[in-house]
Amino acid sequence: MASAAEQLAANLNFSAFAKADELKKRIWFTLGALLVYRLGTYVPLPGIDPNVWSQIFKSQAGGILGMFNMFAGGGINRMAIFALNIMPYISASIILQLLTTVSPQLEALKKEGESGRKVINQYTRYLTVVLATFQAYGIAVGLEGAGNVVSDPGLFFRLSTTITLVGGTMFLMWLGEQITSRGIGNGISLIIMSGIVAELPSAIAGTLELGRQGALSTVLILAIIIMAVAVIALIVFVERAQRRLLIQYPKRQVGNKMFEGQSSHLPLKLNTSGVIPPIFASSLLLLPTTIAQFNAGKGPEWFQWLTTQLAHGRPLFLVLYLGLIVFFAFFYTAIVFNPTETADNLKKHGGFIPGIRPGERTAEYIDYVLSRITVIGAIYLAVVCLVPEILISYASVPFYLGGTSLLIVVSVTMDTVAQVQGYLLAHQYEGLIRKSKLRGRRK
């Protein structure tokens with residue numbers, strides 16, 4: 001028999017959505033913020049020739065620069081004021097989270113709750129400025145050495161470009177925080193997803209054009225479409241998959257009443273880390289190669305070798321990408337889910353796993369199960385992100401049809417839809433409570 005929540009969810013319709021004024025305001029705010037972001041990706045940096053840069057970009061779009069452009073929503077292709085996008089902020093978040101595991105001071109801040117989280121967020125913003133400044137200056141120097149892109153090279157151009165790119169990143173960081181607090185969904189993830197979705201039509205059109213010109217065979221295009229559909233189906237299936245641990249609650253007496261024992265489930269997601277590992281892995285691979293890609297053909301031999309080996313589809317890139325995805329799958333799962341804390345909460349409320357002693361043994365069992373399903377989740381992420389990337393790198397198909405982009409789009413869409421459903425459920429519950437109070441007053 002369906003629960004009350006499931007029955008209520010089944011009754012959700014457009015009329016319920018039309019009455020949820022707060023939800024509509026949040027959706028409109030989110031759409032407006034994303035529109036501002038998309039407009040910014042079409043504003044070019046001052047002092048450059050966009051046409052010359054576009055020709056240079058096309059000659060290097062097959063490497064790591066093309067992946068950077070995918071996360072920037074086409075901002076690199078147009079060398080816009082949002083060219084750095086939100087990637088420095090993501091890199092700063094990775095570094096702070098890694099430092100939290102080794103620094104007692106940061107770990108103590110994390111345990112302080114909301115106040116400690118605010119301090120860590122402030123540290124993340126400071127580090128974002130440092131990383132963005134480093135990358136922006138590298139881009140300015142690279143643009144000066146990229147031919148006739150810059151009309152008036154010099155100190156003023158480097159300074160203005162650095163300030164503009166760092167300001168664009170900080171604005172997007174603020175915009176993402178505003179979407180999270182005042183809109184719907186996770187702001188940072190939605191910014192990345194909107195950039196990918198906005199470029200999908202042109203990517204599909206480009207692929208079909210290659211097929212019309214004979215550069216891609218019809219069979220290969222059909223295989224790519226089938227692969228994309230299969231990857232989307234796999235993502236939806238695994239993201240909804242759970243390993244449920246049976247939780248039993250004993251009989252209890254309250255006053256003169258005896259309540260029967262109840263059973264429940266502790267749901268463990270097969271992919272607890274979500275879309276974070278491929279985003280973190282990509283941002284770390286992009287960070288050291290930003291300058292190298294802009295200075296291709298110049299500098300020491302080891303610099304050129306690194307640039308070549310980190311090109312998209314190369315063995316070193318694939319090995320590092322795979323290793324980072326697996327590492328962050330386990331690392332982020334350990335951050336967001338604490339077996340010891342979960343076991344303590346179950347013990348406080350009288351819950352236990354049948355056959356497992358409450359307390360430390362329960363924590364060990366939850367950690368045992370979580371570690372094994374995380375292995376499956378890491379394999380799933382590796383397959384979804386790497387196999388399509390390998391095929392696409394050899395077929396010269398745009399990055400937007402790869403596994404990483406599909407994973408981001410599908411996962412963020414599912415999370416956002418789940419939040420919308422949560423707001424609708426809360427709105428319906430509020431309506432039922434108001435009706436019950438009114439009926440009570442009539443009586």
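It should be emphasised that the depicted structure is a prediction, and the values quoted were computed from it without experimental measurement.

K.L.:
For the nonpolar core, give the residues involved together with the corresponding values.
P.N.:
The biggest cluster of nonpolar side chains holds 89 residues, and the ones touching the most others in it are Ile 90, Leu 143 and Ile 408. The dominant element in this core, judged by the number of residues it contributes, is helix 16 (residues 360–395), at ten residues. Residue-level mapping places this core at the junction of two domains, with at least three residues from each of domain 1 (21–212) and domain 2 (215–424). In this structure Ile 408 touches Phe 71, Ile 192, Met 193, Ile 196, Val 275 and Ile 279, once residues within four positions along its chain are discounted.

K.L.:
Quick rundown of the side chain of Thr 333? Include the residues and the values.
P.N.:
Residue placement: Thr 333 occurs in helix 14 (residues 315–336). Residues in contact with Thr 333, not counting those within four places in the same chain, are Thr 272, Ser 273, Phe 328, Leu 370 and Thr 374.

K.L.:
I'd love a proper account of the pattern of salt bridges, names of residues and values included.
P.N.:
In the structure shown here, the tally under the stated rule is five salt bridges. Across the salt bridge formed by Glu 22 and Arg 26, the nearest N and O atoms sit 3.4 Å from each other. In this pair, Glu 22 and Arg 26 are both assigned in helix 3 (residues 21–40), four residues apart and thus about one turn of the helix distant. With a relative accessible area of 46%, Glu 22 lands in the partly exposed category. On the basis of relative accessibility, which here comes to 15%, the residue Arg 26 falls in the buried class.

K.L.:
Can you break down the UniProt feature "transmembrane region" (unreviewed entry) in the chain residue by residue, with the values?
P.N.:
In this structure's numbering, the residues bearing the UniProt feature "transmembrane region" (unreviewed entry) are residues 27–45, 123–143, 155–175, 187–208, 214–238, 275–296, 316–337 and 369–394. In the segment residues 155–175, helix accounts for 100% and strand for 0%; the C-alpha atoms at its two ends are 30 Å apart. Regarding residues 187–208, the helix share stands at 100% and the strand share at 0%, and the terminal C-alpha atoms are separated by 32 Å.

K.L.:
Break down the packing of helix 8 (residues 114–144) against helix 9 (residues 155–182) for me, with residues and values.
P.N.:
The description of two packed helices rests on the angle between their axes and on the distance between the axes. At a minimum axis separation of 8 Å, helix 8 and helix 9 run at an interaxial angle of 140°. With respect to helix 9, the element helix 8 is oriented oblique. Regarding helix 8 and helix 9, the two cross each other, and that crossing is right-handed. Between helix 8, through Arg 125, Thr 128, Val 129, Ala 132, Thr 133, Ala 136, Tyr 137, Ile 139, Ala 140, Val 141, Leu 143 and Glu 144, and helix 9, the contact on the second element is made entirely by Phe 157, Arg 158, Thr 161, Thr 162, Leu 165, Val 166, Thr 169, Met 170, Met 173 and Glu 177. Of the residues belonging to the contact of helix 8 with helix 9, the class tally is 13 nonpolar, five polar and four charged.

K.L.:
Residue-level account of the packing of helix 7 (residues 104–111) against helix 8, with values.
P.N.:
Running from amino to carboxyl end, helix 7 crosses helix 8 at an angle of 130°, the nearest separation of the two axes being 6 Å. Classified by the angle their axes make, helix 7 and helix 8 are oblique. Between helix 7 and helix 8, the residues in contact are Leu 106, Leu 109 and Lys 110 and Gly 116, Arg 117, Val 119, Ile 120 and Tyr 123, respectively. A per-class count over the contact of helix 7 with helix 8 returns five nonpolar, one polar and two charged.

K.L.:
Describe the environment of Met 414, and please don't skip the residues or the numbers.
P.N.:
Relative to the assigned elements, Met 414 resides in helix 17 (residues 403–442). Considering only alpha carbons, one finds Met 414 and Val 236, 178 residues apart in sequence, at a separation of 8.2 Å.

K.L.:
Quick one: what's the story with the confidence of the model for the chain, residue by residue and with numbers?
P.N.:
The predicted model of the chain averages 79 in pLDDT, with 80% of residues at 70 or higher. Averaged pLDDT values for the elements of the chain fall to 46 in helix 1 (residues 4–10) and rise to 91 in helix 9. Below pLDDT 50 for its whole length, residues 1–9 participates in nine contacts with residues either more than four positions away or in separate chains.

K.L.:
Please set out the environment of Val 236 residue by residue, giving values where relevant.
P.N.:
Tracing the backbone through its elements, the reader meets Val 236 in helix 11 (residues 218–240). Given a relative accessible area of 31%, Val 236 falls into the partly exposed group. On a C-alpha basis, the gap between Val 236 and Ser 411 in space is 7.7 Å, while along the polypeptide they are 175 residues apart. What Val 236 contacts, discounting residues up to four positions off in sequence, is Val 410 and Met 414.

K.L.:
Describe a nonpolar patch on the surface, naming the residues involved and giving the relevant values.
P.N.:
On the surface, Leu 234, Phe 330, Val 375, Ile 379, Val 383 and Val 387 cluster together to form a nonpolar patch covering roughly 460 Å² of accessible area. By residue number, the principal contributor to the nonpolar patch is helix 16, which donates four residues. Position of Phe 330 relative to the elements: it lies in helix 14.

Reading the values: rules and limits
- Residues numbered from 1 in each chain as written.
- Predicted model: local features only at pLDDT ≥ 70, side-chain atom pairs only at ≥ 80, totals over all residues.
- Heavy atoms only, no water.
- Core = buried A, V, L, I, M, F, W, Y, C linked by side-chain atoms within 4.5 Å.
- Buried < 20%, exposed > 50% of the residue type's maximum accessible area, 1.4 Å probe, protein only.
- Helix = DSSP H or I, 4+ residues; strand = E, 2+ residues; numbered from the N terminus.
- Domains from an automatic or database assignment.
- Contact = heavy atoms within 4.5 Å.
- Salt bridge = Lys/Arg side-chain N within 4 Å of Asp/Glu carboxyl O.
- UniProt positions renumbered as here; feature names shortened; annotations may be inferred.
- Axes fitted to C-alpha atoms, helices over the stretch in contact; angles between N-to-C directions.
- Parallel < 35°, antiparallel > 145°, perpendicular 65-115°, else oblique.
- Left-handed = near helix turned anticlockwise from the far one by under 90°.
- Nonpolar A, V, L, I, M, F, W, Y, C, P; charged D, E, K, R; others polar.
- pLDDT = per-residue confidence, 0-100.
- Patch = residues over 30% accessible without salt bridge, like charges linked within 9 Å, V, L, I, M, F, W, Y side chains within 5 Å.
- Areas by Shrake-Rupley, 256 points an atom, 1.4 Å probe, with all protein chains shown as cover.

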